[in-house]
Amino acid sequence: MAELVFTAIMSIDGYMTDANGNFDWAEPDEEVHRFVNERERDIGTHLLGRRMYEVMAYWGTDEATTDKPEFEGDYAKIWQGAEKIVYSTTLESVSSAKTTLERSLDLDALRALKESAGHRISISGPTLAHQALVAGVVDAVELYVYPVIVGGGLAAFPAGHHLRLEMVEEHRFAGGVVYLRYRTITT
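First things first, this report covers the structure right here in the doc. Keep in mind the model is a prediction, meaning the values are calculated, not measured. (Residues numbered from 1 in each chain as written. Predicted model: local features only at pLDDT ≥ 70, side-chain atom pairs only at ≥ 80, totals over all residues. Heavy atoms only, no water.)

Counting its secondary structure elements, the chain contains five helices and ten strands. In terms of C-alpha radius of gyration, the chain reaches 16 Å, essentially the compact-globule figure of 16 Å for 187 residues. In terms of principal-axis extent, the alpha carbons of the chain reach across some 45 × 35 × 30 Å. Across the chain, every contact between residues at least 6 apart in sequence was considered, and the portion connecting residues at least 24 apart equals 71%. Accessible surface, the chain as shown: approximately 9,600 Å² in total, 50% of it carbon and sulfur. For the chain, the distance from the average position of its 17 positive side-chain charges to the average position of its 29 negative side-chain charges is 4 Å. (Helix = DSSP H or I, 4+ residues; strand = E, 2+ residues; numbered from the N terminus. Rg over C-alpha atoms; globule rule 2.2 N^0.38 Å. Contact = heavy atoms within 4.5 Å. Areas by Shrake-Rupley, 256 points an atom, 1.4 Å probe, with all protein chains shown as cover. Lys, Arg positive; Asp, Glu negative; His and termini not counted. Charge placed at Lys NZ, Arg CZ, Asp CG, Glu CD.)

Take the packing of helix H1 (residues 30–40) against helix H3 (residues 70–81) next. Two measures define how a pair of helices packs: the angle their axes make with one another and the distance between the axes. Interaxial distance between H1 and H3 falls to 10 Å at its minimum, and their mutual angle equals 25°. Put simply, H1 runs roughly parallel to H3. When you trace H1 past H3, the crossing you get is left-handed. Where H1 approaches H3, its residues Glu30, His33, Arg34, Val36, Asn37 and Glu40 are matched on the opposing element by Glu70, Phe71, Glu72, Asp74, Tyr75 and Ile78. Classifying every residue of the contact of H1 with H3 gives four nonpolar, two polar and six charged. (Axes fitted to C-alpha atoms, helices over the stretch in contact; angles between N-to-C directions. Parallel < 35°, antiparallel > 145°, perpendicular 65-115°, else oblique. Left-handed = near helix turned anticlockwise from the far one by under 90°. Nonpolar A, V, L, I, M, F, W, Y, C, P; charged D, E, K, R; others polar.)

Another point: the packing of aromatic side chains. A full pass over the atoms with the stated rule returns eight aromatic pairs. Both rings, one in Phe35 and one in Phe173, keep their centres 5.1 Å apart while their planes meet at 85°; by these two values the pair is edge-to-face. Here the residue Phe35 occupies a position in helix H1, and Phe173 occupies one in the loop between strand E9 (164–172) and strand E10 (178–185), the gap between them amounting to 138 residues. Classification of Phe35 by relative accessible area gives buried; the value is 18%. Here Tyr144 and Tyr179 contribute two aromatic rings whose centre-to-centre distance is 5.1 Å and whose plane-to-plane angle is 45°, an arrangement assigned as tilted. With Tyr144 in strand E7 (residues 140–146) and Tyr179 in strand E10, this residue pair connects regions lying 35 residues apart in the sequence. In this structure, Tyr144 and Tyr179 share a single accessibility class: buried. One aromatic cluster is present, built from ring pairs that chain together Phe35, Tyr144, Phe173 and Tyr179. When the ring centre of Trp79 is taken as reference, the NZ or CZ atom of Lys84 above it lies at 5.1 Å. (Phe/Tyr/Trp six-rings, centres within 6.5 Å; stacked < 30°, edge-to-face > 60°. Buried < 20%, exposed > 50% of the residue type's maximum accessible area, 1.4 Å probe, protein only. Lys NZ or Arg CZ within 6 Å of the ring centre and 35° of its normal.)

With that settled, consider the side chain of Ser122. Note on placement: Ser122 falls in strand E6 (residues 120–124). Among the residues examined, Ser122 registers a relative accessible area of 2% and is labelled buried. Each residue touching Ser122, except ones within four places of it in the same chain, is listed here: Leu4, Val5, Thr7, Ile43, Thr45, His46 and Leu47.

This part is about the environment of Gly44. The residue Gly44 is located in strand E3 (residues 43–49) in this model. Residue Gly44 is classed as buried on the basis of its relative accessible area of 15%. Leave out the neighbours within four places in its chain, and Gly44 touches Ala82, Glu83, His119 and Arg120.

Throughout the structure, instances matching the rule amount to 15 salt bridges. Residues Glu3 and Arg181 are paired through a salt bridge, measuring 2.5 Å at the closest nitrogen-oxygen approach. Pair noted here: Glu3 is in the segment before strand E1 (4–11) and Arg181 is in strand E10, with a separation of 178 residues, a long-range link. Glu3 gets classed as partly exposed once you look at its relative accessible area, which sits at 22%. Arg181 sits in the buried class, given a relative accessible area of 13%. Taking the shortest distance from any N to any O, the salt bridge between Arg34 and Glu70 comes out at 2.8 Å. Of this pair, Arg34 sits in helix H1 while Glu70 sits in helix H3, placing them 36 residues apart in sequence. (Salt bridge = Lys/Arg side-chain N within 4 Å of Asp/Glu carboxyl O.)

Encoded structure:
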């Protein structure tokens, strides 16, 4: 069975965006970017909410590989090689290759994907990921915690939901970012 991983970049106080929807405080430097590249190299399918897709769609463009540092071009190739499923009730269409548009998250279809996929699956975008977390289908949580407090915004985790985690890996970066990997514990 494929592993379903919730990946999030977040502030120390638990937000993926600030109160204005910004996340410019979380732009990865080269060290973090190269680490992310290695972590994402074996992701075969990305599950994304609309806003996350709109941000990430850049990596599917020619601009993402033209006159960019090698590590950014590498990430663009990783992104372009993976399948993507975007969940949105408002998008009319998707513009990137290897991308499917779905109107809602079907948990039975997600379970079937986990059963049949021969690669890791990533889910990102907190609104979408919250559904999978609450349903208990997420196997691991990978966090990139930035040394900033934003004081409010879009929370990385669903309010009022209890989730037990076991830390299995951590990595500290020179710029103060900390990577934490947890496996979910079912009770």
